[in-house]
Amino acid sequence: MDAATTSLWIEAGRGLAFAGGAFAFGLAGAGSARGIAAAVQQATGVLSEKPQMFTQLLILVALPGTQGFYGFITAFMLAMRSGLMAGNLVITPGTGLALFFIGLGCGIAQYVSAIKQGEASAASIAWVARRPEESGRAILFPALVETYAVVALLAAILFILWLTAPGATAFLGNTASH
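I will try to describe carefully the structure that is included in this document.

The rules behind each value
- Residues numbered from 1 in each chain as written.
- Predicted model: local features only at pLDDT ≥ 70, side-chain atom pairs only at ≥ 80, totals over all residues.
- Heavy atoms only, no water.
- Helix = DSSP H or I, 4+ residues; strand = E, 2+ residues; numbered from the N terminus.
- Rg over C-alpha atoms; globule rule 2.2 N^0.38 Å.
- Buried < 20%, exposed > 50% of the residue type's maximum accessible area, 1.4 Å probe, protein only.
- Contact = heavy atoms within 4.5 Å.
- Areas by Shrake-Rupley, 256 points an atom, 1.4 Å probe, with all protein chains shown as cover.
- Lys, Arg positive; Asp, Glu negative; His and termini not counted.
- Charge placed at Lys NZ, Arg CZ, Asp CG, Glu CD.
- Arc of directions from axis to C-beta.
- Phe/Tyr/Trp six-rings, centres within 6.5 Å; stacked < 30°, edge-to-face > 60°.
- Salt bridge = Lys/Arg side-chain N within 4 Å of Asp/Glu carboxyl O.
- Expected span 1.5 Å × (residues − 1).

### Focus on the overall build of the protein chain
- What the protein chain contains, in helices and strands, is 6 helices and 0 strands.
- Order of helices (α) and strands (β) in the protein chain, N terminus to C terminus: α-α-α-α-α-α.
- Expected size for 178 residues packed as a compact globule is a radius of gyration near 16 Å; at 21 Å, the protein chain overshoots this value by more than 25%.
- In terms of overall dimensions, the protein chain has a C-alpha envelope of 70 × 20 × 20 Å along the principal axes.
- When the 178 residues of the protein chain are sorted by exposure, 41% land in the buried category.
- Summarising the internal contacts of the protein chain: among those between residues at least 6 apart in sequence, 81% fall at separations of at least 24.
- As presented, the protein chain carries roughly 9100 Å² of accessible surface, and 72% of it is formed by carbon and sulfur atoms.
- When the 8 positive and 7 negative side-chain charges of the protein chain are each reduced to one mean point, those points stand 6 Å apart.

### Observations concerning helix α2 (residues 54-62)
- Those residues of α2 that fall on the buried side of the exposure criterion are Leu 57, Leu 60 and Val 61. Considered in projection along α2, the buried side chains sweep an arc of 100 degrees and stay on one side of the axis.

### So, the packing of aromatic side chains
- Under the defined criterion, the tally for this structure stands at 5 aromatic pairs.
- Here the aromatic rings of Phe 100 and Phe 101 are separated by 5.0 Å at their centres, their planes lie at 75 degrees, and the arrangement is edge-to-face.
- Relative accessible area serves as the criterion here: at 15%, Phe 100 is assigned to the buried category.
- Joined through ring pairs, the aromatic side chains of Phe 23, Phe 100 and Phe 101 make up one cluster.

### Remarks on the environment of Gly 13
- Considering the arrangement of structural elements, one finds Gly 13 in helix α1 (residues 3-49).
- Here the alpha-carbon distance between Gly 13 and Gln 56, two residues 43 residues apart in the chain, equals 47 Å.
- Not counting residues up to four positions away in its chain, the partners in contact with Gly 13 are Ile 91, Thr 92, Pro 93 and Gly 96.

### Section: the environment of Glu 11
- Structurally, the position occupied by Glu 11 is in helix α1.
- Sequence separation between Glu 11 and Tyr 148 is 137 residues; the distance between their C-alpha atoms is 33 Å.

### Digging into the pattern of salt bridges
- Per the stated rule, a full pass over the model turns up 4 salt bridges.
- With a closest N to O distance of 3.3 Å, Glu 119 and Lys 116 form a salt bridge. Note that Glu 119 and Lys 116 are positioned in helix α4 (residues 93-130) at a spacing of 3 residues, about one turn of the helix.
- Measuring nitrogen to oxygen at the nearest pair gives 3.5 Å for the salt bridge that ties Arg 131 to Glu 134.
- Classification of Arg 131 as partly exposed rests on a relative accessible area of 42%.
- Shared partners join several salt bridges into a network, and the residues in it are Arg 131, Glu 133, Glu 134 and Arg 137.

### Let's talk about helix α3 (residues 66-81)
- In a regular helix each residue adds 1.5 Å, so 16 residues correspond to 22 Å; α3 covers 22 Å between its end C-alpha atoms and thus fits that length.
- Considered for burial, the residues of α3 that qualify are Gln 67, Gly 68, Tyr 70, Gly 71, Thr 74, Ala 75, Met 77, Leu 78 and Ala 79.
- Backbone geometry just after α3 places Gly 83 at a positive phi near 95 degrees.

Remember that the coordinates give geometry; whether it matters functionally is a separate question.
If you want it as structure tokens, here you go:
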């Protein structure tokens, strides 16, 4: 492969990996914003009549924000493990495409789970408003939704590590498989 083709090859892989990272944190952040907004709407209604419940409700409002951090972690892992941060990104388009779909898949999972966690948090806020002594139990329902956000994060991390492991055949430096 000549230098121009190799450069184009690397740029295609790089662009796909970048796009995967952008989708990971962009979708996760958007989902977290929507999830928190849903919980805030419920909480502000309760707090307008029961301001002393602020501390109990704050945790339920904040829960959907974790997915934004999971998207950021995924994007950071993509950047770190693909060589972007070290300045030596030399992945093939095939690996770039795989990293793209890892980022996109994780971003979608985080987006949906954040919105659904916001809805579960809003329902729990309504429960706590009527029965403040149940705040410990009420957090369990939105926490169940969190489980799948964590699973998506862990799957993304594992796939990123597997795809970018030293000696992986999809890197241009390894010509044994080309």
